[in-house]
Protein chains: 2
Amino acid sequence: MTMHSRRVAQKLNFLLYRPFLTCGAKKYVSREYGKVSAAIVDELTSALGAENVSTSVAVREHHGHDESFHSSKPPEVVVWPTNVELVSKVVGLCNENAIPVIPFGTGTGMEGGVLAVQGGICINLTKMDQVVDVSPDDFTATVQPGVTRMALNAYLRDTGMWFPIDPGADASLCGMAATSASGTNAVRYGTMRENVANMEVVLPDGRILHTSGKGRATKKTVAGYNLTNLFVGSEGTLGVITQATLRLYGIPESMVSAICSFPDIKSAIETTVQILQCGIPIARIEFLDEVQMDACNRYGKLDYRVAPTLFLEFHGSEKTINQQVTEVGFSSGDVVRENGGTDFQWAEDEEERKRLWQARHEAWYAAKALAPGCTAYSTDVCVPLSKLSEVIVESRKDIEAAGVKGPMIGHVGDGNFHALLLAEPTKPDAKQTVISLAKSIARRALSVGGTCTGEHGIGLGKRMFLEDELGAVGVAAMRMVKRAFDPNNIMNPGKVLPSGDDDREDGESVKLQ
Amino acid sequence: MTMHSRRVAQKLNFLLYRPFLTCGAKKYVSREYGKVSAAIVDELTSALGAENVSTSVAVREHHGHDESFHSSKPPEVVVWPTNVELVSKVVGLCNENAIPVIPFGTGTGMEGGVLAVQGGICINLTKMDQVVDVSPDDFTATVQPGVTRMALNAYLRDTGMWFPIDPGADASLCGMAATSASGTNAVRYGTMRENVANMEVVLPDGRILHTSGKGRATKKTVAGYNLTNLFVGSEGTLGVITQATLRLYGIPESMVSAICSFPDIKSAIETTVQILQCGIPIARIEFLDEVQMDACNRYGKLDYRVAPTLFLEFHGSEKTINQQVTEVGFSSGDVVRENGGTDFQWAEDEEERKRLWQARHEAWYAAKALAPGCTAYSTDVCVPLSKLSEVIVESRKDIEAAGVKGPMIGHVGDGNFHALLLAEPTKPDAKQTVISLAKSIARRALSVGGTCTGEHGIGLGKRMFLEDELGAVGVAAMRMVKRAFDPNNIMNPGKVLPSGDDDREDGESVKLQ
């Protein structure tokens, strides 16, 4: 078949499918995606230059996985466009040829979002790495998709501003927008939902959208539907984010870090709720359970007390911060002591602050070091604060009962926590045990009004929970959005919404590493 | 035609139209909406009870306008459903019969959002007025659409919590969600976008959607597309909001109000930007220009200095507040003095605070009193902070040049300001002059990266700016969303997105009062 006749055939194919896609059928019909033919690779090479197109096994393998548990699913081709017009060209070509498109930033996702489960073309956006604009008076910066959060903050150093959202990894900011990332600072500064003012997005048909209008970045707007927040968290399934305008903050005059141990999980969580109820504008409040604290001591040769522990951070002017620290931990009727907290330590000096927080910063590596050679699955539930201690305590019991090593850390100011479940290579059926445990933790969260994912996204692994969480109408509404923007289902197919081929439990069928 | 044959005919009609509606045509095709026949009124009466259905002229007239400039467009029927199932029934009936549906809360909108420009059925939601749930530990409250913000705050009084979003009017909270309201507290607490955790929405086909899943209200979630923020600000064009779960805050231990005069607009706005850059967590920062201050003095028999003035409010614990007030206004290197601010006064006592802020609270009435019998149009642009003083100064000049009375007030911490343009009954062509002025103010905002609407919405009057603001692809993307959810265009037709019958300037053709 010539390329032209192939395209005609595929267009006819679309027209035939279209009635099913647009007339309210519940699921996508099963369909064949186009393969990336040699002719298409040639077309890509001629448009982008040979140095920006690769079909090598090693490159494809590198782009077939993220930091999650899922085994690699390499794309057929990887391309590195250097501007938005080239992104548009690649996406348009994919749309014409029914080829899946997978946007790729730093590959630091946690739910298999970049796996090329249906083949297709991976668009690596790291060569578009310019900070386009910084406006200190407007508290905004505009970045291309190759700019990571650390790169932006390094760039901003002399302006007195920073972008505080910190998911741990040095992720690309547009990738963070795509997954609606948050992390430790969200309790004070919000998530990507609250901190993206505008985005440039290449739609599946190749058109270039500016979600708040080109070049606009006001603190408020109510001009039509909130397209910005439709694309934040869409995980690459509605379009390719090629630029983001972000809200910046003044670097705090002063920061104070503190830690404190508690006799049990409940009292640590109660302390958290009370600090929030007092309206103390805490910047970070992180929880590590005793298993995690023990892991940190072993990993970093430290001597923290092995007990449920809160790590706190305060941002502000020197005087307001001292006031906050006093309210939390030092006055006679303070929150920490009333809940049985002990060993309250705090530090203002940067080096000393780093030392205090060392356990929190090393938590992920310390956890994995508990079982050398293991794979780790991080659960990500988020529940109402009133249910948080109950859910953490019960999850802890389940983990022990299953005989799994599973330290826990939590962004407890937001009700979000992770159990880092380790599938030890020496144990039979370890991965299935971990998956079952992760499911039971997610289901418990759902049963108390929570969500299966506070910040990692649905990706591949949590599609099975989507209908339980949102109901049939919620999933149907999401399908309506998906079909409206991407009727040919080329954008990161198989993610977020279960495909027609999948049943609800399909998340399981993706093989683990 | 019998009712049955009428329905069959209308369904056929839909099937004929459907290809146009779903295949990417740029505009809606021109179409006839069904009239509300006697048979449909009978059906409504039998479902809702005679006391909950009205076709009286006075009732319809009352529901045909809001607080905007637009002359009344009464619906054909007004209904008062008492539960979500009845709302679903009414909407389903309208969908079958191609009848427009207009949700109605308190009628306090500012952009003609409730005008029944295509006829149809107005759903008055005020009989659904229960606070469904309050969870102080989770900082959430769930309300039916008849609950206003003042009613909720009265209900919450003993809990130590409050819902701070304050658009001025005692609007219904679900109406505030529908228009993405904000107001004076937004600089600290955000807008409705940031403060709605979940909504129950009746979709145009009658299905009931829970945007974050039924009964869920976590601080964070990234489970699929952000449907909550798709419906916040959708102005009744995608569905009927029948319940909202809102984020609450602890009532501040202490509040301090302050005012300060400035030699010119620029220095007042510079002060605002610097206060924000210092990271002082100010709760409100409102600007009144000298024309507005003069109006307030006349209206309230007050003796404020007639000069550009900032009204400030600080929320926090007693000690942190004192620190904030000091940083803003009292220390030797303080922000206010550096910008030439004078007459800095502050008060902590509630009565004294009210007295200080009296001019701000009475601003709207004081403005209208400048021209008895006038109609007033409130512009609503929002611009980047770096452009705010320039845009206010230039707008002030334009208002003077046009010989219009137009005091200005601004939520300047957000870059949002209103010119209250008065169409004086004694002046010929006053309304056209006011409309031209409003347009030039909107276009100036658009030219510097701003929006035509910071908080009032697009409604009827600003549809003409939508494409200038968002670009053709932006409007096309919004049309895709609208068609996906409401293929028959029954939900509040003619609002937000220009209809097929309208040209881009159609906002003008709606007659003024």
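Residues numbered from 1 in each chain as written. Chains lettered and ligands numbered in written order. Predicted model: local features only at pLDDT ≥ 70, side-chain atom pairs only at ≥ 80, totals over all residues. Heavy atoms only, no water.

Under an unreviewed UniProt entry, chain A has the name D-lactate dehydrogenase (cytochrome) and belongs to Priapulus caudatus. Chain A has a UniProt comment under Sequence similarities (unreviewed entry) that states "Belongs to the FAD-binding oxidoreductase/transferase type 4 family." UniProt annotates chain A under Cofactor (unreviewed entry) with the comment "FAD". (UniProt positions renumbered as here; feature names shortened; annotations may be inferred.)

In this section: the UniProt feature "domain: FAD-binding PCMH-type" (unreviewed entry) in chain A. According to UniProt, the positions carrying the feature "domain: FAD-binding PCMH-type" (unreviewed entry) are residues 70-251 of chain A. Across residues 70-251 of chain A, helical content stands at 23% and strand content at 23%; the span's end C-alpha atoms are separated by 38 Å. (Helix = DSSP H or I, 4+ residues; strand = E, 2+ residues; numbered from the N terminus.)

An α-helical segment advances 3.6 residues per turn. Residues three or four places apart therefore align on the same side. Along its 13 residues, helix α10 (residues 265-277) of chain B runs 19 Å from first to last C-alpha, staying within 8% of the 18 Å computed at 1.5 Å per residue. Remark: G279(B) follows α10(B) within two positions and exhibits a positive phi of approximately 75°. (Expected span 1.5 Å × (residues − 1).)

Another point: the sheet that holds strand β6 (residues 140-143) of chain A. All names here are of chain A. Strands sit in the order β5-β6-β10-β8-β9 across an open sheet of five strands; the sheet is antiparallel. On the outer flanks of this sheet lie β5 (131-135) and β9 (208-210), each paired with one strand and no other. Geometrically, the sheet is characterised by an average inter-axis angle of 10° between neighbouring strands, direction not taken into account. Taken together, the six bridges between strand β8 (residues 196-202) and strand β10 (residues 240-247) define a ladder with antiparallel strand orientation. Paired with M199 across the strands is A244, a residue of β10. Relative to the sheet, helix α5 (residues 149-156) contacts β5, β6 and β10, its axis offset from that of β5 by approximately 50°. (Pairing = 2+ DSSP bridges. Axes fitted to C-alpha atoms, helices over the stretch in contact; angles between N-to-C directions. Contact = heavy atoms within 4.5 Å.)

On to unusual backbone geometry. One non-glycine residue, D429(A), lies in positive phi territory at about 55°. Checked against the element boundaries, D429(A) lands in the loop between β18 (416-423) and α18 (430-447).

Here we come to the pattern of salt bridges. According to the stated counting rule, one finds 44 salt bridges over all chains in the structure shown. With a shortest N-O distance of 2.9 Å, E455(B) and K220(A) are connected by a salt bridge. With E455(B) in the loop between α18 (430-447) and α19 (463-485) and K220(A) in the loop between β9 and α9 (227-231), this residue pair bridges two chains. Side by side, E455(B) and K220(A) carry an identical accessibility label, which is buried. Linking E424(B) and K427(B) is a salt bridge whose minimum nitrogen-to-oxygen distance equals 3.7 Å. Overall, the relative accessible area of 11% leaves E424(B) in the buried class. (Salt bridge = Lys/Arg side-chain N within 4 Å of Asp/Glu carboxyl O. Buried < 20%, exposed > 50% of the residue type's maximum accessible area, 1.4 Å probe, protein only.)

Once that is clear, we can look at the interface of chain A and chain B. Often the size quoted for an interface is simply the accessible area lost on bringing the parts together. Between chain A and chain B, the contact holds 89 residues from the first and 88 residues from the second. Counting the surface lost from both chain A and chain B, the interface buries some 7,000 Å², and carbon and sulfur atoms represent 60% of this. Ranking the residues of chain A by area buried against chain B places K220(A), V222(A) and Y225(A) at the top, with a combined share of 14%. There are six salt bridges connecting chain A and chain B. Summed over the shared surface of chain A and chain B, the number is 28 residue pairs in polar contact (both at pLDDT 80 or more). Of the residues forming the side of chain A that touches chain B, the biggest block, 14 residues, is contributed by helix α19 (residues 463-485) of chain A. Residue composition of the side of chain A that touches chain B, grouped by class: 35 nonpolar, 36 polar and 18 charged. (Buried area = accessible area lost by both parts, 1.4 Å probe. Polar contact = N/O pair within 3.5 Å; in protein donor to acceptor, adjacent residues only side chain to side chain. Nonpolar A, V, L, I, M, F, W, Y, C, P; charged D, E, K, R; others polar.)

Turning our eyes to something else, we now look at the packing of helix α2 (residues 38-48) of chain A against helix α4 (residues 84-96) of chain A. Residues and elements named next belong to chain A. At a closest axis distance of 11 Å, the pairing of α2 and α4 adopts a crossing angle of 170°. Overall, the two elements α2 and α4 adopt an arrangement that is roughly antiparallel. Contacts between α2 and α4 pair I40, E43, L44, A47 and L48 from the former with L86, K89, V90 and L93 from the latter. Considered class by class, the residues forming the contact of α2 with α4 number seven nonpolar, no polar and two charged. (Parallel < 35°, antiparallel > 145°, perpendicular 65-115°, else oblique.)

What follows covers the packing of aromatic side chains. Counted under the stated rule, the structure contains twelve aromatic pairs over all chains. When the centroid spacing of 5.5 Å and the interplanar angle of 80° are considered together, the rings of F69(B) and Y377(B) count as edge-to-face. Here F69(B) is found in the loop between α3 (57-62) and β2 (77-79), whereas its partner Y377(B) is found in strand β16 (residues 375-378), with 308 residues between them in sequence. Clustering of aromatic rings is evident, with ring pairs tying together W162(A), Y189(A) and Y249(A). (Phe/Tyr/Trp six-rings, centres within 6.5 Å; stacked < 30°, edge-to-face > 60°.)

With that settled, consider a negative patch on the surface. All names here are of chain A. Taken together, E253, E318, E348, D349, E350 and E351 make up a surface patch of like negative charges. Counting through the fold element by element, E351 comes out in helix α14 (residues 350-356). Residue class for E351 comes out exposed when judged on its relative accessible area of 54%. (Patch = residues over 30% accessible without salt bridge, like charges linked within 9 Å, V, L, I, M, F, W, Y side chains within 5 Å. Areas by Shrake-Rupley, 256 points an atom, 1.4 Å probe, with all protein chains shown as cover. Lys, Arg positive; Asp, Glu negative; His and termini not counted. Charge placed at Lys NZ, Arg CZ, Asp CG, Glu CD.)

In terms of nonpolar packing, the biggest core is built from 205 residues, with L152(A), L152(B) and F485(B) touching the most fellow members. Of the residues forming this core, the biggest block, twelve residues, is contributed by α19(B). Once residues within four sequence positions are removed from consideration, L152(B) is found in contact with V131(B), A141(B), V143(B), V147(B), F163(B), L173(B), L246(B) and L248(B). (Core = buried A, V, L, I, M, F, W, Y, C linked by side-chain atoms within 4.5 Å.)

Our next topic: the relation of the copies chain A and chain B. Superposing chain A onto chain B takes a rotation of 180° plus a shift of 0.0 Å along the axis, which leaves an RMSD of 0.0 Å. The symmetry that links the two subunits is that of a two-fold axis. Ranked by how close their C-alpha atoms come to the rotation axis, the residues of chain A are headed by T320(A), at 2.7 Å. Counting the interface residues of chain A, we find that 98% of their copies in chain B are interface residues as well, pointing to one common contact surface. (Least-squares fit on C-alpha atoms with pLDDT ≥ 70 in both.)

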